[in-house]
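If you want the building blocks of each chain, they are given just below.
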Amino acid sequence: MNALPVARLQFATTTSLHFLFVLLTLGLVTLVAVMQTRWTLGGKPELLRMTRFWGRLYVINYALGIVTGIVMEFQFGLTWTGLSAFAGDVFGAPLAIETLVAFFLESTFLGLWIFGFGRLNKWLHLTLLWLVTLTAYASALFIMLANSFLQNPVGSRVENGRLRLDDFGALFANPALAASLPHVLSAALVTGGFFVVGVSAWHFLKRTGEVEFFRRSMRIGVVAALVGSIFVVNQGFAQFGELAKYQPDKLKETGVGLPLGLMIMLGFVMFLCALLGALLLIRNWLTKARFLHYLMVAAIPLPFVAAIMGWLVRELGRQPWLVWGKLRTADAIADVPAGQILFSFIAFTLLFAALAVADWVLMARVAKRGPEPVEAPAELPVLSGV
């Protein structure tokens, strides 16, 4: 058995599934922060209920996403020891910073925000949520910093068979990062927007009540989806120009064509759906257009599928290099039997599948139940009743 295809499939599976959690987390926390900001500035009490409802969904996804991130880290030590040996001094630095940001700062601020409902001053409580949001974006920055280094290993040199970092600032100026980071962040905004719109549309279809609650939620979601989809398409094409500079043959690699075509198609479909929602928003028809409600419920998976296609394009096009021009993928695999890699691949896949199902079941349960009554207490609103 050849270990290389199994190891590549393992990395593709775990990274793609973890990436889906990350996208929804980034998108939802941004929208929840906007909702709470509007309420803190003197908005209607409905905005506080929206913060509590969508915040609960965000926390569920965040908690399970953290677990997938921990599991994914194991594969570097189990399967890709060659990468650590050759480029660990450079590649490991942004990952270490991301770990500190995500597992310490972000989690600390989030815990204070969760348990601060009804206990902290509203401005301090809002500040905590924006700190959660900023650290989440910082985490995304350092992850993309590490990935962009694999695409274009700037600021480094080979010395005694290992990569050494010469210029840490060059990692931030990497052209592989310039277009990809805004693309990922806007994709997260699209994902959060379509999720909020889709859940709101489901409640309109089921006539569960709370018309004003989900009307306001859908308006925020539509705006986020439209703005995000515009930037997704724009930054997606911007990456093609950057690719020509450091990976001129990337889009010609075997296997890239299919996910690339599907990604572009889905990008335009999402833009048209968001544009239609915006037009109906202007005409004040969001709550009346049932065809839109069916469309938006069906469109919830689109950003996730497009994200996987985009990730495949970015990673498949780098082959046969793991670190472009420096380290081949075949040379980065750990010196272990192929059967051991296959076993870890099956174990990781089953665990990720279980986490994904748990995430979907918990979020679906909370989403279907809808927001808490107006008179519900504010304490621990994102933990109760899950």
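To be clear, the structure that these remarks concern was listed above.
Every chain is numbered on its own, with residues counted from 1 as its sequence reads. Owing to the predicted nature of the model, reporting of local features is limited to residues with pLDDT of at least 70; listing and counting of side-chain atom pairs is limited to 80 or more, with chain, interface and lining totals taken over all residues. As a rule here, side-chain values come from all non-hydrogen atoms in the structure, and water together with hydrogens is ignored.

Colleague: I tried to follow the overall build of the protein chain on my own but got confused; where do I start?
Modeller: Only runs of H or I of at least four residues qualify as helices and only runs of E of at least two qualify as strands under DSSP, and these elements are numbered from the N terminus. Across its full length, the protein chain carries 13 helices and 4 strands. In terms of its C-alpha atoms, the protein chain occupies a principal-axis envelope of roughly 65 × 40 × 40 Å. Residue exposure (1.4 Å probe, protein chains only): buried if accessible area is under 20% of the type maximum, exposed if over 50%, otherwise partly exposed. Burial statistics for the protein chain: of 386 residues in total, 54% are counted as buried. Areas reported as accessible are Shrake-Rupley estimates using a 1.4 Å probe. Residue values count occlusion only from the protein chains shown. When the accessible surface of the protein chain is summed, it comes to about 16500 Å², and 70% of that surface belongs to carbon and sulfur atoms. In the protein chain, the 29 positive side-chain charges and the 20 negative ones have mean positions that sit 12 Å from each other. For this count, His and the chain ends are skipped, Lys and Arg are scored as positive, and Asp and Glu as negative. Taken as the charge centre is NZ of Lys, CZ of Arg, CG of Asp or CD of Glu, depending on the residue.

Colleague: Quick question: what am I supposed to make of the packing of aromatic side chains here?
Modeller: In this description, a pair of aromatic rings is defined by centroid distance and the angle of the planes. Aromatic pairing here means that ring centres of Phe, Tyr or Trp (its six-membered ring) are within 6.5 Å. Orientation follows from the plane angle: under 30 degrees is stacked, over 60 is edge-to-face, and everything else is tilted. With the rule as written, the count across this model stands at 11 aromatic pairs. Note on Phe142 and Phe172: the rings are 6.1 Å apart at their centroids and 85° apart in plane angle, and the pair reads as edge-to-face. Residue Phe142 is located in helix α4 (residues 122-151), and its partner Phe172 is located in helix α5 (residues 168-172); the two are separated by 30 residues in the primary sequence. Residue classification places Phe172 among the partly exposed positions, given a relative accessible area of 37%. Judged by centre distance (5.4 Å) and plane angle (75°), the ring pair of Phe168 and Phe172 falls under edge-to-face. Of this pair, Phe168 and Phe172 both sit in helix α5, separated by 4 residues, roughly a single helical turn. Chaining the aromatic ring pairs together yields one cluster made of Phe53, Trp54, Phe195, Phe213 and Phe214.

Colleague: How should the nonpolar core be read in this particular structure?
Modeller: Generally speaking, nonpolar side chains in soluble globular proteins are found buried as a group. Here the nonpolar core consists of buried residues drawn from Ala, Val, Leu, Ile, Met, Phe, Trp, Tyr and Cys, with membership extended through side-chain atoms lying within 4.5 Å. In terms of nonpolar packing, the biggest core is built from 104 residues, with Trp54, Leu57, Leu83, Trp113 and Phe195 touching the most fellow members. The element contributing the most residues to this core is helix α1 (residues 3-40), with 15 residues.

Colleague: Could you clarify how one ought to interpret helix α7 (residues 180-206) in this entry?
Modeller: Each helix should span, by expectation, one fewer than its residue count multiplied by 1.5 Å. Between its first and last C-alpha, α7 extends 39 Å over 27 residues, near the 39 Å set by a 1.5 Å rise per residue. By the criterion of burial, α7 is predominantly enclosed, with 24 of the 27 residues buried. Phi turns positive, to about 50°, at Arg207, one or two residues after α7.

Colleague: Please clarify how the pairing of strand β1 (residues 156-159) should be interpreted in this entry.
Modeller: Along any regular strand the residues' side chains alternate between the sheet's two faces. A strand pair is defined by DSSP finding two or more bridges across the two strands. Here 4 bridges tie β1 to strand β2 (residues 162-165), and the two strands are oriented antiparallel to one another. Among the inter-strand pairings, Ser156 is bridged to a residue of β2, identified as Leu165. Hairpin connection of β1 to β2: 2 residues between the antiparallel strands, including Asn160 at a positive phi of 55°.

Colleague: Would you take a moment to explain unusual backbone geometry for this structure?
Modeller: Among all residues save glycine, negative phi is the norm, and among peptide bonds the norm is trans. Even without glycine at this site, Asn160 takes up a positive phi of about 55°. Topologically, Asn160 is positioned in the loop between β1 and β2. Its relative accessible area of 72% is what places Asn160 among the exposed residues.

Colleague: How do you make sense of the environment of Phe237 when you look at a structure like this?
Modeller: Here Phe237 lies in helix α8 (residues 211-246). For Phe237, a relative accessible area of 41% corresponds to the partly exposed category. Beyond its immediate chain neighbours, meaning those up to four positions away, Phe237 contacts Ile264 and Phe268. Here, residues are in contact when the closest pair of their heavy atoms is within 4.5 Å.

Colleague: Could you clarify how one ought to interpret the pattern of salt bridges in this entry?
Modeller: If charged atoms from side chains of opposite charge come close, those side chains can pair. Each salt bridge in this description consists of a side-chain nitrogen of Lys or Arg and a carboxyl oxygen of Asp or Glu lying within 4 Å of one another. Counted according to the given criterion, the structure contains 10 salt bridges. Across the salt bridge formed by Glu46 and Arg49, the nearest N and O atoms sit 3.2 Å from each other. Pair noted here: Glu46 and Arg49 are both in helix α2 (residues 45-78), with a separation of 3 residues, about one helical turn. This pair shows no difference in class: Glu46 is buried, exactly as Arg49 is. Between Glu210 and Arg49 there is a salt bridge; the shortest N-O distance is 2.9 Å. Here the residue Glu210 occupies a position in the loop between α7 and α8, and Arg49 occupies one in helix α2, the gap between them amounting to 161 residues. Using a relative accessible area of 31% as the deciding quantity, one classes Glu210 as partly exposed. Taking the relative accessible area as the measure of exposure, Arg49 reaches 7% and is therefore buried. Here the salt bridges do not stand alone but share partners, grouping Glu46, Arg49 and Glu210 into one network.

Colleague: Explanation requested: the side chain of Asn147 in the structure shown.
Modeller: Inspection of the secondary structure assignment puts Asn147 in helix α4. On the basis of relative accessible area, Asn147 is assigned to the buried category, the value being 7%. Contacts of Asn147, omitting those with residues within four sequence positions, involve Trp311, Arg314, Glu315 and Arg318.

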